[in-house]
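An overview of the molecular structure
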There are 2 protein chains.
Amino acid sequence: MSFIEIQTPVITGADAACCAPASRDAIGAEAAEALARSLKALADPARLRLVSMVAAHPDAEACVCDLTEPLGLSQPTVSHHLKVLVEAGLLTRDKRGTWAYYRLVPGALDSLAALLAAV
Amino acid sequence: MSFIEIQTPVITGADAACCAPASRDAIGAEAAEALARSLKALADPARLRLVSMVAAHPDAEACVCDLTEPLGLSQPTVSHHLKVLVEAGLLTRDKRGTWAYYRLVPGALDSLAALLAAV
DNA sequence: CGAATGCATCGATGGATGTCAATTTATGGG
DNA sequence: CCCATAAATTGACATCCATCGATGCATTCG
């Protein structure tokens, strides 16, 4: 939904604002911190690729060994990024045997995108 | 001289597949870097609030002096954050007289959100 | 002109962050 | 049991980043 911001002429009076500009409220401080925390988790090329690679994998799940080589980073680094994504609520971790399988949290990306568009 | 560098994030390949089973392609490395660069610009509480405050302002524009006090940060810090947002293509800067007015770039947030949801 | 105001830039600083090598912890197999 | 494999944790390091005070640069006004 794209809003069209209408540029109203100069109305400097404070009490004249009843109709057109409709200045909504800005985001709150703690809401901004929460959203920033989620965005920080994704504001990294490696983590964006990890999310995308997990989503692109068959069955939409992948273990660390599937991700390390195509990503071109060391195993500890990949584990670190995956942990960040899990703590951000974007991935889930499921350890089966020796392997740890990661999956997308359904709807997590979409609700984040919705929050972002509503800022 | 108010030139605005609009950093259009890389929109990756057409992906018309609609349904679940087929594993789509993961995002490319350079697309991930471009998207991460845009997200980094917003992955900060102060910058999220700045964007929101500009959008919420009457006429959807605001100068630095309007933003410094409600944000609770020093003027140099606010100027720094605004510069980051302008360089990310999210805000425009328009200097009129002594004041510098910032506005949202229409649709910038929405296309970023769309790219994010498509990762 | 000179003072004042709004904003950008500079330099410094403390803290966060991405990365890797080395190590540790779990799990499974012979 | 002991070894092999997968993954997480640790420690270290370099870099980035948010923030501020001080300063510089325009612009406006007296």
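Our subject in this report is the structure included herewith. (Residues numbered from 1 in each chain as written. Chains lettered and ligands numbered in written order. Predicted model: local features only at pLDDT ≥ 70, side-chain atom pairs only at ≥ 80, totals over all residues. Heavy atoms only, no water.)

1. Examining the protein's contact with DNA strand D
In the vicinity of DNA strand D there are 22 residues, among which Q75, S79, T98 and Y102 of chain A together with H81 of chain B approach most closely. Interatomic distance of 2.3 Å between a side-chain N/O atom of S79 of chain A and a phosphate oxygen of DNA strand D. Within the side chain of K83 of chain A, a nitrogen or oxygen atom sits 3.5 Å from a phosphate oxygen of DNA strand D. Put simply, the parts of the chain that give the surface near DNA strand D at least two residues each are α3 (64–71), α4 (75–87) and β3 (99–104) of chain A together with α4 (75–87) of chain B. Looking at side-chain class alone, the surface near DNA strand D contains nine nonpolar, nine polar and four charged residues. (Near = heavy atom within 4 Å. Polar contact = N/O pair within 3.5 Å; in protein donor to acceptor, adjacent residues only side chain to side chain. Helix = DSSP H or I, 4+ residues; strand = E, 2+ residues; numbered from the N terminus. Nonpolar A, V, L, I, M, F, W, Y, C, P; charged D, E, K, R; others polar.)

2. Quick look at the relation of the copies chain A and chain B
Note on the identical chains: chain A maps onto chain B by a rotation of 180° and an axial translation of 0.0 Å, with an RMSD of 0.1 Å. On the angle and the small slide along the axis, the relation comes out as a two-fold axis. If distances are taken from each C-alpha of chain A to the rotation axis, the shortest is found for A113 of chain A, at 2.3 Å. A high fraction, 86%, of the interface residues of chain A reappear at the interface in chain B, so the copies pair face to face through one surface. (Least-squares fit on C-alpha atoms with pLDDT ≥ 70 in both. Contact = heavy atoms within 4.5 Å.)

3. Notes on the interface of chain A and chain B
If you look at the interface, chain A gives 37 residues, while chain B gives 35 residues. On the surface where chain A and chain B come into contact, there are zero salt bridges. Taken together, the connections running from chain A to chain B amount to four residue pairs in polar contact (both at pLDDT 80 or more). Every element with two or more residues in the side of chain A that touches chain B is listed here: α1 (29–42), α2 (45–56) and α5 (108–117) of chain A. Grouping the amino acids of the side of chain A that touches chain B by side-chain chemistry returns 23 nonpolar, six polar and eight charged. (Salt bridge = Lys/Arg side-chain N within 4 Å of Asp/Glu carboxyl O.)

Function-wise, these values are silent; they only describe arrangement.
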